[in-house]
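Understanding the architecture of this molecule
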Amino acid sequence: ELLCRIAHGSDAAAATGRSPRIMALCGAGLSAASGLATFRGSTAALWHTHDPMTLATPEAFAADPGLVWRFYAYRRHSALAAKPNAGHYALAALARSLPHNSFLCLTQNVDGLSARAGHPRESLRALHGSLFDMRCVGSSRKGHSCCNYAVEDNFTEPLVPALATASEGVDETAAMTANGKPLPLPHIPVNELPQCPNCKSLLRPGVVWFGEALDGRMLQSVDQWVAAGKVDLMLVIGTSAKVYPAAGYIEAARRAGAVVVVVNAEAESQQGLAALRPTDFAFEGSAADLLPVLLE
Ligand code: BJW
Ligand code: ZN
């Protein structure tokens, strides 16, 4: 209601009686109240001894797929053990209440919590993929003839016996640092990692790592949605807005006429919210507390 007034305040949408077109860009802060760690900022707490930013790369996976798989087995478990919070439910309810195509929710999160909160598929775009998707590495290697095997929504735990400990939610790196020094975890041979049922190549998590392209068709559908008319409201929820191209949609929405409203635990102190302007509206607090009120 409040946000509808903000969105309508500046223009003729209300006068013409059309419903507002709303876009949201969500980040790890949306899931923070569900107990999942963020990547940056004071709630970042993933895997103490390894920087997630150095693990979420194709280079890290090529160098030690076992280590990266341990990290993702732990993340899959954490996400499965977590429950959607009131923020996820408020967005899902908004999506269901608005007419078809007038809301588009872009999430950078790979935890599946928005879908589990009942957010309809049509209005949700998982920009960075999902912890529960996997694909054959052969399919991403140019010139390598392979099966293009890919699977979605695989919630199996553990995926393979070698990942059993990580799949129990044990932060293996924490246990290894008794003397203050991170000890290397036992190496997992490639043939003990998740394997393509077609060609026996290694499977990889279906997430988007640094340096990798986001799904082209998905980006196209977002661009088309933005181009289809004036965007009235852009909600920027629990994200540091530092990672591109996702953060670029804030500017795209602004160019399409949107009022930008930020919901972030550290909204005021974060100059890092790169794409933001002093003229944007900011609500400081937990998305789980604020969204149910703002979107009521
Ligand atoms: C709360 C809260 C509470 C806490 N309530 N709030 C342009 C300029 C500069 C660089 C680039 C550029 N374009 C591309 C790049 C390079 C790079 C990039 O952006 N680098 C920047 C870091 C500078 N981008 C890429 O590499 C992308 N790919 C690409 O561009 O490909 C080009 C290409 C084209 C064609 C062929 C080949 C290549 C890919 C980016 C993929 C990002 N992947 C990750 C990992 C996913 C898998 C995994 O989860 O492991 O995605 S990185 C990580 O960051 C993850 C997140 O989705 C993403 C964003 O983080 P997010 O969600 O914003 O979290 P935080 O932790 O940063 O922020 C949390 C916020 O919540 C904070 O603000 C808190 O205050 C707040 N908060 N509690 C509300 N309760
Ligand atoms: Zn294969």
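Read on for an overview of the structure.

Counted by the stated rule, this structure contains 6 salt bridges. With its nearest N and O atoms 3.3 Å apart, the salt bridge here joins Lys230 to Asp232. Looking at Lys230, the relative accessible area reads 27%, which means it is partly exposed. Classification of Asp232 as buried rests on a relative accessible area of 0%. Among the salt bridges present, the one from Arg254 reaches Glu251, with a minimum N-O distance of 3.4 Å. Of the two residues, Arg254 and Glu251 are both situated in helix H11 (residues 248–255); the distance of 3 residues between them amounts to about one turn of the helix. In this structure Glu251 comes out as partly exposed when scored by relative accessible area, which is 23%. Counted as one network, the salt bridges with shared partners bring together Arg121, Glu152 and Asp153.

Below, the discussion takes up the pairing of strand E6 (residues 203–207). Most of E6 is tucked away, with 5 of its 5 residues classed as buried. Note that strand E4 (residues 129–136) and E6 share 5 bridges and pair antiparallel. Looking across to E6, one finds that Gly129 is bridged to Val207.

A few words now on the site of ligand 1. What surrounds ligand 1 is a group of 36 residues, the closest being Arg40, Tyr72, Thr239, Ser240 and Asn264. In this structure, Arg75 approaches ligand 1 through a side-chain N or O atom, which is 2.7 Å from an oxygen atom. Within the side chain of Asn264, a nitrogen or oxygen atom sits 2.6 Å from an oxygen atom of ligand 1. Protein contacts shield 75% of the accessible area of ligand 1, which totals 1500 Å² for the unbound molecule. Looking at the shell around ligand 1, the elements that each hand over two or more residues are helix H3 (29–32) and helix H6 (65–81). Tallied by class, the residues present in the shell around ligand 1 amount to 17 nonpolar, 14 polar and 5 charged. Both domain 1 (1–36 + 84–128 + 214–296) and domain 2 (42–81 + 130–207) contribute no fewer than three residues apiece to the shell around ligand 1.

Turning to the packing of aromatic side chains, a few remarks are in order. Scanning the model with the defined rule gives 4 aromatic pairs in all. Here Tyr72 and Trp209 contribute two aromatic rings whose centre-to-centre distance is 6.2 Å and whose plane-to-plane angle is 50°, an arrangement assigned as tilted. Remark: Trp209 occurs in the loop between E6 and helix H10 (216–227) and Tyr72 occurs in helix H6; sequence separation between them is 137 residues. Accessibility assignment for this pair places Tyr72 and Trp209 in one class, buried. For the cation-ring pair, Arg21 lies above Trp225, with the distance from its terminal atom to the ring centre recorded as 4.0 Å. Sitting above the plane of the Trp209 ring, Arg204 keeps its charged end 3.9 Å from the centroid.

Sheet strands associate in pairs through backbone hydrogen bonding, adopting either a parallel or an antiparallel arrangement. If you walk across this open sheet you meet the 6 strands as E3-E2-E1-E7-E8-E9, and the pairing is parallel. Two strands close off the open sheet at either side, each with one partner strand: strand E3 (124–126) and strand E9 (281–284). Ignoring strand direction, the axes of neighbouring strands in this sheet form an average angle of 15°. Looking at chain direction, strand E1 (residues 22–26) and strand E7 (residues 233–237) are connected through 5 bridges and run parallel. By the bridge assignment, Met23 is partnered in E7 with Met234. Relative to the sheet, helix H12 (residues 287–294) contacts E7, strand E8 (259–264) and E9, its axis offset from that of E8 by approximately 140°.

Each value, and the rule that gives it
Residues numbered from 1 in each chain as written. Chains lettered and ligands numbered in written order. Predicted model: local features only at pLDDT ≥ 70, side-chain atom pairs only at ≥ 80, totals over all residues. Heavy atoms only, no water. Salt bridge = Lys/Arg side-chain N within 4 Å of Asp/Glu carboxyl O. Buried < 20%, exposed > 50% of the residue type's maximum accessible area, 1.4 Å probe, protein only. Helix = DSSP H or I, 4+ residues; strand = E, 2+ residues; numbered from the N terminus. Pairing = 2+ DSSP bridges. Near = heavy atom within 4 Å. Polar contact = N/O pair within 3.5 Å; in protein donor to acceptor, adjacent residues only side chain to side chain. Areas by Shrake-Rupley, 256 points an atom, 1.4 Å probe, with all protein chains shown as cover. Nonpolar A, V, L, I, M, F, W, Y, C, P; charged D, E, K, R; others polar. Domains from an automatic or database assignment. Phe/Tyr/Trp six-rings, centres within 6.5 Å; stacked < 30°, edge-to-face > 60°. Lys NZ or Arg CZ within 6 Å of the ring centre and 35° of its normal. Axes fitted to C-alpha atoms, helices over the stretch in contact; angles between N-to-C directions. Contact = heavy atoms within 4.5 Å.

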